Amino acid sequence: RKGTYYFAQSLDDTTYYIQFNQCMEDPKQPMDGFAAQVEAELEAGDYRQVLLDLRNNGGGYLAQAVGIADLFLPKDALITTEDHKYSVFNREYRASGKGKEYNTVILINERSASASEVLTAALKENNRAKVIGKRSFGKGTVQSIANLPRGSVMKYTSAYYLTPLGNNIHKQGIAPDATVENTTKPIDMSEFKNFSLKKAYMAGDRGAEVEMAKKMLEKLGLFVGEINGVYDENLKTAVYSYQKAEGLFPYGVLDITTQYRMYDTLQNAREEVDDQLRAAIDAF
């Protein structure tokens, strides 16, 4: 299943995988949408194991991180604390009691930050999740906005987020329970044959080589769209981006020079092996 903020799928009858694109949406509606969707997804199946993938998640609104954490924690468990300069302004966030106990694993990396770190620490330090991957980014500040004269606004840091055990992770990050690095390997070129190098392709053209170009550019992270033999606008954009990145004349036409270069680029490229995901699954 795919939503605006997440991708989710059943890994088997008892294990549910959720990849968060970003933690949070409208802070005025903390359980309307994202967290509620996650709750509905979990309740729809007989899941006992949950894998939360927070890698590359730069965070978002605190309310949604609290809402997600609430689905996994017992009543009154401390989720996070806003630590202000003057303690009178401090605020604790605690679980409501709706949470269920799953066998949970969280994936993080060096680009997991802010609200995603709040969620990770909440489950880790309440002994509700094992954390796999690499140390997180370390962004534990509360951002506030003040209205100024003449319609201006000022954004400023007003507090720190503390973990349930009282740790300030700002510029420190969260250490995983098990550190796992992803490796790389050469791209398997068996499905990619050389272009015939007899024809240039442009928008509107069709053929097997057009389809191959889409597959190659998808491997390079440039093409997004339907893989077929139609030279559509998505392919034109991808070819243009590739040409620009390679210092070729960028005009979105798959000329013979670009065909040569694409094949050589792919042949010399390496793709990442998701060892972290494998380790997370094995951790159950």
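Because the structure is a prediction, the values reported are computed rather than measured. Every residue gets a number counted from 1 within its own chain, in the order that chain's sequence is written. pLDDT decides what is reported in this predicted model: residues at 70 or higher carry local features, side-chain atom pairs at 80 or more are listed and counted, and totals for whole chains, interfaces and linings draw on all residues regardless. With hydrogens and water set aside, each side-chain value is computed from the structure's full complement of heavy atoms.

A. Representation of the sheet that holds strand β7 (residues 130-133) within the structure. In this description, strands pair whenever DSSP reports at least two bridges between them. Helix numbers and strand numbers start at the N terminus; a helix is a DSSP run of H or I with at least 4 residues, a strand a run of E with at least 2. Across the sheet, which stays open at both edges, the 6 strands sit in the order β1-β2-β3-β6-β7-β10 with mixed pairing between neighbours. What marks the edges here is a single partner per strand, and that holds for β1 (6-10) and β10 (178-179).

B. The arrangement of the pattern of salt bridges in detail. Here, a salt bridge means any Lys or Arg side-chain nitrogen found within 4 Å of an Asp or Glu carboxyl oxygen. Across all of its chains, the model carries 15 salt bridges by this definition. Close ionic contact of glutamate 181 with lysine 134 constitutes a salt bridge, the shortest N to O distance being 3.4 Å. Linking glutamate 181 in the loop between β10 and β11 (183-186) with lysine 134 in the loop between β7 and β8 (141-147), this pair joins segments that are 47 residues apart in sequence. Burial classes: relative accessible area under 20% of the type maximum marks a residue as buried, over 50% as exposed, and values in between as partly exposed (1.4 Å probe, protein chains only). Overall, the relative accessible area of 48% leaves glutamate 181 in the partly exposed class. Three or more residues joined by partner-sharing salt bridges are found here, namely Glu110, Arg111, Lys134 and Glu181.

C. The packing of helix α5 (residues 233-246) against helix α6 (residues 256-268), seen in detail. Axis definition: a line fitted to C-alpha atoms, over the contacting stretch in the case of helices. Angles run 0 to 180 degrees between N-to-C directions. Where α5 meets α6, the closest approach of the two axes is 11 Å, and the angle between their N-to-C directions is 80°. As the angle between them shows, α5 and α6 are arranged roughly perpendicular. Contact with α5, carried on its side by Val239, Tyr242, Gln243 and Glu246, involves Thr258, Arg261, Met262 and Thr265 of α6 and no other residues of that element. Partitioning the contact of α5 with α6 into residue classes produces 3 nonpolar, 3 polar and 2 charged. Roughly parallel here means an angle under 35 degrees, roughly antiparallel means over 145, roughly perpendicular means 65 to 115, and every remaining angle is called oblique. Contacts are residue-level and defined by heavy atoms, with any inter-residue pair within 4.5 Å sufficient. Amino acid classes used here: Ala, Val, Leu, Ile, Met, Phe, Trp, Tyr, Cys and Pro are nonpolar; Asp, Glu, Lys and Arg are charged; the rest, including Gly, are polar.

D. Geometry of the sheet that holds strand β5 (residues 91-94). Spatially, the 4 strands line up as an open sheet ordered β5-β4-β9-β8, and their pairing is antiparallel. Both outer strands of the open sheet, β5 and β8, are each paired with one neighbouring strand and no more. Ignoring strand direction, the axes of neighbouring strands in this sheet form an average angle of 30°. Bridging between strand β4 (residues 78-84) and β5 involves 4 bridges; their strand directions are antiparallel. Within β5, the residue paired with leucine 78 across the bridge is arginine 94. Strands β4, β5 and β9 (153-162) of the sheet are contacted by helix α2 (residues 62-70), whose axis makes an angle of about 155° with β4.

E. Molecular detail of the environment of lysine 171. Relative to the helices and strands, lysine 171 resides in the loop between β9 and β10. When its relative accessible area of 69% is taken as the criterion, lysine 171 is described as exposed.

F. Region of interest: unusual backbone geometry. At asparagine 56, a residue that is not glycine, the phi angle is positive and equals roughly 65°. Relative to the elements of secondary structure, asparagine 56 occurs in the loop between β3 (49-53) and α2. In this model, aspartate 76 sits at a positive phi of 70°, which is unusual for a non-glycine residue. Within the secondary structure, aspartate 76 is located in the loop between α2 and β4. Under the relative-accessibility criterion, aspartate 76 is labelled partly exposed at 44%.

G. Here's a closer look at the layout of surface pockets. In this analysis a 1.4 Å probe is tested at points of a 1 Å grid over the protein atoms alone, and where it fits but cannot get out there is a cavity; an open set with protein on both sides within 12 Å along at least five of seven lines is a pocket; lining residues have an atom within 4 Å of a point. Grid points are joined across faces, edges and corners, and a volume is the space filled by probe spheres set on the points. The space that makes up the largest pocket amounts to roughly 520 Å³. Contributing to the lining of the largest pocket are 20 residues, with Gly60, Tyr61, Leu62, Gln143 and Tyr161 lying nearest its centre. When contributions to the lining of the largest pocket are tallied by element, the ones reaching two or more residues are α2, β5, α3 (115-125), β8 and β9. By residue number, the principal contributor to the lining of the largest pocket is β8, which donates 4 residues. Its volume calculated, the second largest pocket comes out at about 220 Å³. Arg55, Asn56, Asn109, Glu110, Arg111, Lys134, Glu181, Asn182, Glu272, Val273, Asp274 and Gln276 are the residues that line the second largest pocket.

H. Inspection of helix α4 (residues 208-219) at higher detail. Along its 12 residues, α4 runs 17 Å from first to last C-alpha, staying within 8% of the 16 Å computed at 1.5 Å per residue. The elements touched by buried residues of α4 are α5 and α6. Of the residues trailing α4, glycine 221 is marked for its positive phi of about 80°. Here a helix's expected span is defined as the number of its residues, less one, multiplied by 1.5 Å.

I. Fine view of empty space enclosed by the protein. Counted under the stated rule, the structure contains 1 cavity of 30 Å³ or more. In this structure, the largest cavity occupies an estimated 70 Å³ of space. Forming the boundary of the largest cavity are 13 residues, of which Glu117, Val118, Tyr161, Thr163 and Ile169 lie nearest the centre. Elements that contribute at least two residues to the lining of the largest cavity include exactly β4, α3 and β9. The element that contributes the greatest number of residues to the lining of the largest cavity is α3, accounting for 3 residues. Taken together, the residues that form the lining of the largest cavity break down as 7 nonpolar, 4 polar and 2 charged.

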